[in-house]
Amino acid sequence: MMRPIAIFTAVTKNWMRSRSGLFFSIMFPVLLLLVFGAIFGGVGGASKYGIFVQNLDRTADEAPTELSDAFIEALNSTETFAITTIPVDADARSYARDALGPLGGNIRILIIPEGFQDDLLNGTVKVRVGISYGTIVTMYEFIEPYLNETEKMAMQQGIAQMGQYNASLPERSASLTLILDPSDQSAAIVKSIVINIANAFNYQLIGAKSVINFAEEQVTVRQFRGIDFYIPGIIAAFIMTNGIIGVTTNTTEFKRRGIIKRLSVTPLAKIEWILGNVLSQTVLNLMLTAIIIVVGWLVFNVQAIPDIFSILLIFLGSVMFSGIGMVLSGLVKDVEAASAIGNAIAFPMMFLSGTYWPVEFMPAFLQSFARVLPLTYFSEGLRYAMIFKYSEGIFTNMAIVSALAAAFIILGALVTRWKEK
Amino acid sequence: MAKTVVEVSSLVKQYGSLRAVDGISFELYEGEVFAFLGPNGAGKTTTVEILEGIRPLTSGSAKVFGFDVTKGEDVKEIKRRIGVLTQDFSALDKLSVKENIDLIGGMYDKKLDTLEVIRLLDLEDKTKEKFESLSGGLKQRVGVAAALVNDPQLVFLDEPTTGLDPKARREVWSVIENLKKLGKTVFLTTHYMEEAQVLADRIAIINKGKIAVIGSPQDLISRYGGLKVLIVRKGGKKLAETLQNKYGGTTLNHGGDVFVKVDDVKEMWQALSTLTDMNIGKEIEIQTPTIEDVFLKVVGGRITEEGELK
């Protein structure tokens, strides 16, 4: 066991003293975390969808009507929109374009038309009367067999008068105009939110209650933000690059410079060499994990806490990706080729394995491709272990990563040349 | 009689149609410095790597300390007992001299104290220096130190001075001379004639996978080195003609130097006596043959600084 420890000590020290090694293994992931966290992490104040609202529904003294004002307030209360008011006399599109300035942006305009409140009230009364009329007719059909002729006459007369009144009410409903840019990727979300608010308004005015209620629960016990999602993803992605790019280029460089040959003339066995390197990778990756979590905690107040399963997964991931690195370095001759092949494999894998966005966001054929990438299972397992605490997900992914780790390390040992030809 | 440390018999190493080592046989005795002298591609490193147990042989046999290089368990024993300076030795750049020697030392169950080895190689003031900051000569010394850390009985030094400047080369020679004083058996490969002649107790000249000749430097020189030469600087044409009449092999170069080839020591003294009697008042040099002359004779070419045969 002393020989793998000696290899581990030397390789780790050599890496720790290499500025480029430190940068790509630790600093680069930290920088990426800071950038991703700032842009997509949902921290530093949640970003809002900008929307212009022009309220043309005014009272005689030019004040907004009560219901149009209430609708705008409802939009505001979602805390989803940053609302800019367009004056009544302005052309909505020109005003919005001018307000966005030379850098542009997405034009989203909601126009509340004149008569919105009247139409809404009329529509509401008609709906309510219609509901009442229908209810009474149904009731009458139920109780008719129990009524005498006088009572029946009276009821029929009343129903007829109510029907006439209902028919006399005009068919009016309030309409809103939502102007959206087709190239706006958030258009569908904005439209959906506005429709939901309108529906809620409808229910409120007609006194209806939703008959389907959602018992919504978070998948996780705690409340998490986007940044918590990224942390395991970034850790997984860089454990992968440390293995596939780092081990491949380092081992090829050691091979080129005759360091491996020098070690092979000592009693060191090939498997001891591999074990020493895997140990070094594991320690490096645990350090990376710790630093990412600490930075995440200090800068973004993250709640990604590694447990024994996370640590076990990191070990297994280190073995798996070191194994892949060993396989590649056994197959290529020079450092340039090793670096090129390592990058060609690592970068697509980094972006297609659900580390930075869910696999489900990708087209179907890419989703199928993601399912054959080792990083998919590693990052998924790590996310389940660190964030979701979802046991079944942890164990399934851990089993797959273990099998792949064993396969790649055996393959790596087979292709690592410990003897000359 | 000295104990046999390495025994090689009819050793062959074939790569496709290329026969890198072609049926060579030789022995190495305890305490000697044995040099494999030959140009690049002669089969030196291949042979050494077969003996180190890291390259399989095609046919023949090779034993180190009586252990067979083709048997796995024997190879483990060989590796415990040998020290190796590989060709183009390199180490981990960011580690210090001591850390690199420690790394190699860490591969052995029994090893010398690293600082003792450092002292032996006169590297005390470089102990903490990173390998990447050392000069070529110092790097080779670190390589030799690493080769000695397991206190080996046999040390393989594969081209230890290739690429070094003359000063650094002589520093390494001094290290090798010290190894001999320590009683180590040294298997040296080189393409430098002078190196082999200065350091080796025995030399095997190898070319195209075959050993051309083998023996001590003196033996090889006397057998293949040819005649000694007396040179009379600026002797002139008249002297050349006089000496030609007495000693057949006399020549004159464009600078007026006279070259007199003599068969043995007796003839050399006679020639010197003749020149003394003539009272010529010219500078006289005695040129003795070297291993380079031997190489030229047995291989039919010279080796360039880069190790190529010309």
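These figures come from a predicted structure and were not determined experimentally. (Residues numbered from 1 in each chain as written. Chains lettered and ligands numbered in written order. Predicted model: local features only at pLDDT ≥ 70, side-chain atom pairs only at ≥ 80, totals over all residues.)

J.: I tried to follow the overall build of chain B on my own but got confused; where do I start?
T.: When its secondary structure is counted, chain B shows eleven helices and 14 strands. The C-alpha extent of chain B, read off along each of the three principal axes, is 70 × 45 × 40 Å. Per-residue burial over chain B gives 43% buried out of 310 residues. In chain B, of all internal contacts separated by at least 6 residues, the share reaching a separation of at least 24 is 67%. (Helix = DSSP H or I, 4+ residues; strand = E, 2+ residues; numbered from the N terminus. Buried ≥ 20, exposed ≤ 12 C-beta atoms within 10 Å, placed from the backbone. Contact = placed C-beta atoms within 7 Å.)

J.: Please explain the overall build of chain A as it appears in this structure.
T.: Along chain A, the regular secondary structure elements total 15 helices and four strands. A globule of 421 residues ought to have a C-alpha radius of gyration of about 22 Å, yet chain A, at 33 Å, is considerably larger. In chain A, buried positions account for 34% of the 421 residues. (Rg over C-alpha atoms; globule rule 2.2 N^0.38 Å.)

J.: In this structure, what is going on with the packing of helix 3 (residues 97-105) of chain B against helix 5 (residues 136-148) of chain B? I would like to understand it.
T.: In a pair of packed helices, the angle between the axes and the distance between the axes together describe the arrangement. Residue and element names in this part refer to chain B. At a closest axis distance of 8 Å, the pairing of helix 3 and helix 5 adopts a crossing angle of 35°. Where helix 3 crosses over helix 5, the two elements pack in a sense that is right-handed. Contact residues: helix 3 offers Val97, Asn100, Ile101 and Ile104, while helix 5 offers Val142, Ala145 and Ala146. In terms of residue class, the contact of helix 3 with helix 5 is made up of six nonpolar, one polar and no charged. (Axes fitted to C-alpha atoms, helices over the stretch in contact; angles between N-to-C directions. Left-handed = near helix turned anticlockwise from the far one by under 90°. Nonpolar A, V, L, I, M, F, W, Y, C, P; charged D, E, K, R; others polar.)

J.: Help me out: how do you make sense of the sheet that holds strand 11 (residues 228-232) of chain B in this one?
T.: Picture the strands of a sheet paired through backbone hydrogen bonds; they go either parallel or antiparallel. Residues and elements named next belong to chain B. The strand order 12-13-11-14 describes an open sheet built from four strands, whose pairing is antiparallel. Of all the strands in the sheet, the pair left with one neighbour each is strand 12 (250-252) and strand 14 (284-287). Between one strand axis and the next, the sheet turns through 20° on average, direction left out of account. Packed onto the sheet, helix 9 (residues 236-246) meets strand 11, strand 12 and strand 13 (258-262) and runs at close to 165° relative to strand 12. (Pairing = 2+ DSSP bridges.)

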